[in-house]
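As a plain string of letters, each chain reads:
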Amino acid sequence: MSTPTHADPSPAYEPEDGSTTGSTTDSRTELVRRRQDAIEVSGWGEPFRFWQPRNACTWVFVALVVTGLFNMVHMFTPLAGYYAPAFTAGAAIAVISTLGWGWWFHHLDRFERQPFNVVLACFLWGGLGATFGIATSANGALGSLYAKLFGAAWSADWQAGLSAPFVEESAKAAGFILLLGMARRLVRTPADGLFLGAFIGLGFQTFEDFLYAIGGATGSFGSDQVGLVTNGIGTRILSDVVSHPMFSALVCAGLVYLIGTPAQPRRAGRGLLLVAAGVGFHLVLDSVLALGADTGISSLFIFIVEIAVSLGVLWYAFRLTDGRERELARDILAPEVADGVLTAEEVEAFAGHKQRRAYLKASADRRERRRRKHVLAAALDLCTDLADANGASTADVVASRADVARVRGGAVAQPEPTTTPA
Amino acid sequence: MAHEATAPTAGERRRRRVPVEERLAGLERRSIVPALVVVGIWFLWVVAVPHLDAAVDHDDPVVAGERFAISDDLAVTPPPGWDVIDGFRTTDIPAGGAGARAAFTNGTVTIIVTTDTYDGTASELLEQIDKVTSATGAVDGFTVTDGRSTVTTDSGLTGVAETFTGRGVEGTVAAFVSDGTGIEVSASGQPDQETAAARHIAHLIHSIGPWDTSDADQQEAS
């Protein structure tokens, strides 16, 4: 099997000679051309090579992650002996939380599942580069500066709100900027920003939670370390998503709009709004007590409003970035309608939530509805395989087409075997 | 039909290589700007801000009569003229509460007062403090130098105290437990300096006692 590459996006399908009319052939050729454009512009299926010695971003990434690792080891080593039970409990909780949230983010990322090595790079940047490489020293220095300039009580009220959002959001966004430089052909859509930002935030949150857990274990003079680590852990894990993953998702999606990519023309206003939303929600969340005291409004009320508004904005951003992905998916799948693999109605269901709902609502009964859901899921798999194959009919693509037919309960039309792009 | 794993062709390997006209000093030209942006972020937060913080003098001396909260209902009176490193005056409590730590220094000796929940006696608390200090290396070469003594504060709270030495330092640590709240007072400095400050340290320890939260309320109202 020849390996399809994105460097040479030649058409995957040859016009079928003799079997179609001239206009149908032209129409199909146009659909295939649009498919190739969509694959090329989206970067879907593009592999990620981490080690790029000629890429300056790779070196900065490695330097800061290694620095962060060194700082973390330096910070924890003196405590590791006595607080070993707390370290074990904290690490176990961190792993469970990471796997849970990581799986959920991966599930939400439907159209283009990010390659594992990109996700891992994001997580490591968030956990080591951003947290221990930049944020811990910067937060401390900025907090100390505020205390010297404005007094201890003022600093205690506002230090977190006026340091963490700026230090931590820029530190996390720095990792996304590096990934934009390391995976230019892969990281292109606002949805890439949203999901990779969420994974950077998850890394930051996981290591920050671990840091807090060890800090908490030193409470009560170190006499109840495991109890203090596990106390309230459920609340902390559940609240994690309305924290760093969300802030970074908004900031990184905003950066894609702000910078512009081949898949997403620059929209500076929208980008600035999303970046400001991520930083602003972080600021409010870290200043809830001070805001409550200064305004006379209940801190709990401010907290609840913050959570509700931020989740609403996150959902809006998800829908916003989802739109571009849907356009690309439809372009990739459109030739499958001409080939009889999918129906126009099925591809149209990828246009938006409304269209998907309408397609599912048209089911005669529950069984039919479930079948339609399966067809859409199989079509998504086909879309992924087509992107991976650069539009060619590879074994995976053929199998995915067969799977669409299987879940629909009928035979499938396979296009004529074609030469894969060289 | 199974996939066949194939090695990348020479052409594919060439395509992975950065074209010569897109290089600068051997690096891919387009990767330099994002790398520099991130180095700029790192420089701002890890170099510039800490340097700025170090350049700003810390000047917050204790004024005679000032008390510092060490919990929501306990406070200490540090020696006048000593610099406040950490902690809140009972007249200026932040929205998040009084906090659980206060620290003061005269430049050579540092006194740190820490409170937290503790379910035990003052003697047990002092044992726990010794155990953690030894295990974590918080004081290098930590060695308790003599037996424990009983300390009673002006408010009638009774605790225990001991002296210790470490590499280049000596100090005093005292422990109290008041209604489920453990209190640790740790004073340390260079050997001769710590002895010279003994009177001030004892003064602070004896000052541990309740504080009137209406002080803070009145301050807020005004």
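Above this text sits the structure in question.
Residues numbered from 1 in each chain as written. Chains lettered and ligands numbered in written order. Predicted model: local features only at pLDDT ≥ 70, side-chain atom pairs only at ≥ 80, totals over all residues. Heavy atoms only, no water.

J.: Looking at this structure, how should I read the pairing of strand 10 (residues 149-152) of chain B?
T.: Two faces belong to every sheet, and in a regular strand the side chains alternate between them. Residues and elements named next belong to chain B. Here four bridges tie strand 10 to strand 11 (residues 158-166), and the two strands are oriented antiparallel to one another. Residue pairing across strands places serine 149 opposite alanine 161, the latter belonging to strand 11. Where strand 10 hands over to strand 11, the hairpin turn is made up of five residues, of which glycine 156 adopts a positive phi near 95°. (Pairing = 2+ DSSP bridges. Helix = DSSP H or I, 4+ residues; strand = E, 2+ residues; numbered from the N terminus.)

J.: Looking at this structure, I do not really get helix 14 (residues 353-361) of chain A. What am I missing?
T.: One turn of the α-helix equals 3.6 residues, which is why residues spaced by three or four share an orientation. Residue and element names in this part refer to chain A. When helix 14 is considered as a whole, its buried residues turn out to be His353, Tyr359 and Leu360. The buried residues of helix 14 occupy one face: seen down the axis, they fall within an arc of 125°. Among the exposed residues of helix 14, those pointing more than 90 degrees away from its buried face are Lys354 and Lys361. On its buried side, helix 14 packs onto helix 12 (299-338), helix 13 (344-348) and helix 15 (366-388). (Buried < 20%, exposed > 50% of the residue type's maximum accessible area, 1.4 Å probe, protein only. Arc of directions from axis to C-beta. Contact = heavy atoms within 4.5 Å.)

J.: Would you explain the side chain of aspartate 331 of chain A in this entry?
T.: Residues and elements named next belong to chain A. As for its position among the elements, aspartate 331 is in helix 12. Engagement of the side chain of aspartate 331 in a polar contact is seen with the side chain of arginine 34, the distance being 3.0 Å. With near-sequence residues (within four places) excluded, aspartate 331 lies in contact with Leu31, Arg34, Arg35 and Ala38. (Polar contact = N/O pair within 3.5 Å; in protein donor to acceptor, adjacent residues only side chain to side chain.)

J.: Hey, could you run me through the pattern of salt bridges in this one?
T.: Side-chain pairs of opposite charge can arise where the charged atoms are in close proximity. Residues and elements named next belong to chain A. In total, this model carries 26 salt bridges over all chains according to the counting rule given. As a salt-bridge pair, glutamate 336 and arginine 401 come within 2.8 Å of each other at their nearest N and O atoms. Residue glutamate 336 is located in helix 12, and its partner arginine 401 is located in helix 16 (residues 395-408); the two are separated by 65 residues in the primary sequence. Taking relative accessible area as the criterion, arginine 401 reaches 0% and is therefore assigned buried. (Salt bridge = Lys/Arg side-chain N within 4 Å of Asp/Glu carboxyl O.)

J.: Where do I start with the environment of threonine 150 of chain B in this structure?
T.: Residues and elements named next belong to chain B. Tracing the backbone through its elements, the reader meets threonine 150 in strand 10. Spatially, the C-alpha atom of threonine 150 lies 9.7 Å from that of serine 123, the residues being 27 residues apart in sequence. If we skip the residues at most four places from it in the chain, threonine 150 touches Thr158 and Gly159.

J.: Could you clarify how one ought to interpret the packing of aromatic side chains in this entry?
T.: What describes a pair of aromatic rings is the distance from one ring centre to the other and the angle between the planes of the rings. All names here are of chain A. This structure, assessed with the given rule, holds 22 aromatic pairs over all chains. Taken together, a centroid distance of 5.8 Å and an interplanar angle of 80° make the contact between phenylalanine 105 and phenylalanine 199 edge-to-face. Taken together, the positions of phenylalanine 105 in helix 3 (residues 84-108) and phenylalanine 199 in helix 6 (residues 190-217) put the pair 94 residues apart, joining distant regions of the chain. When sorted by exposure, phenylalanine 105 lands in the same class as phenylalanine 199, which is buried. In textbook terms, an aromatic cluster arises when at least three aromatic residues are bridged by ring pairs, as seen for Phe76, Phe87, Phe123, Phe132, Phe207 and Phe210. (Phe/Tyr/Trp six-rings, centres within 6.5 Å; stacked < 30°, edge-to-face > 60°.)

J.: Explain the environment of serine 299 of chain A to me, please; I cannot follow it from the model alone.
T.: Residue and element names in this part refer to chain A. Looking at the secondary structure, you find serine 299 in helix 12. In sequence terms serine 299 and valine 288 are eleven residues apart; their C-alpha atoms lie 5.6 Å from each other. Every residue in contact with serine 299, bar those within four places of it in the chain, is listed here: Val288, Leu289 and Gly292.

J.: Explain unusual backbone geometry here, please?
T.: Working note: non-glycine residues mostly have negative phi, and peptide bonds are mostly trans. Residue and element names in this part refer to chain B. With a phi angle near 55°, alanine 25 is a residue other than glycine that sits in the positive phi range. Checked against the element boundaries, alanine 25 lands in the loop between strand 1 (23-24) and strand 2 (27-28). In this structure, aspartate 179 takes a positive phi of about 50° despite not being glycine. Taking the relative accessible area as the measure of exposure, aspartate 179 reaches 80% and is therefore exposed.

J.: Just to check I follow, could you spell out the interface of chain B and chain A for this structure?
T.: Accessible area lost during the coming together of the parts is what is often quoted as the interface size. Contact with chain B, which involves 53 residues of that partner, is made by 51 residues of chain A. Contact between chain B and chain A buries roughly 4200 Å² in total, counting both sides, with carbon and sulfur atoms accounting for 67%. Viewed at the interface, chain A and chain B are joined by two salt bridges. Note that aspartate 53 of chain B is salt-bridged to lysine 148 of chain A, the shortest N-O span being 3.0 Å. Counting across the chain B and chain A interface gives 15 residue pairs in polar contact (both at pLDDT 80 or more). Of all the elements, helix 2 (residues 29-55) of chain B adds the most residues to the side of chain B that touches chain A, at 17 residues. In terms of residue class, the side of chain B that touches chain A is built from 27 nonpolar, 13 polar and 13 charged. (Buried area = accessible area lost by both parts, 1.4 Å probe. Nonpolar A, V, L, I, M, F, W, Y, C, P; charged D, E, K, R; others polar.)

J.: Whenever I open this one, the packing of helix 2 (residues 56-80) of chain A against helix 2 of chain B confuses me. Can you help?
T.: A packed helix pair is summarised by two numbers, namely the angle formed by the two axes and the spacing between the axes. Relative to each other, helix 2 of chain A and helix 2 of chain B sit at 25°, their axes nearing to 7 Å. Between helix 2 of chain A and helix 2 of chain B, the angle falls in the class roughly parallel. Residues Ala56, Cys57, Val60 and Leu64 of chain A of helix 2 of chain A lie in contact with helix 2 of chain B, whose contacting residues are Ser31, Ile32, Pro34, Ala35, Val38, Val39 and Trp42 of chain B. In terms of residue class, the contact of helix 2 of chain A with helix 2 of chain B is built from ten nonpolar, one polar and no charged. (Axes fitted to C-alpha atoms, helices over the stretch in contact; angles between N-to-C directions. Parallel < 35°, antiparallel > 145°, perpendicular 65-115°, else oblique.)

J.: What is the right way to look at the nonpolar core in this model?
T.: Across soluble globular proteins, nonpolar side chains show a tendency to be buried alongside one another. Core analysis: the largest hydrophobic core is formed by 89 residues, its most contacted members being Phe76, Trp125, Phe176 and Leu178 of chain A together with Val38 and Trp45 of chain B. Residues in contact with phenylalanine 176 of chain A, not counting those within four places in the same chain, are Val187, Asp192, Gly193, Leu196, Ile200, Cys252, Leu255 and Val256 of chain A. Counting 31 residues, the second-largest nonpolar core is a separate cluster that includes Cys383, Leu386, Val397 and Val407 of chain A. (Core = buried A, V, L, I, M, F, W, Y, C linked by side-chain atoms within 4.5 Å.)

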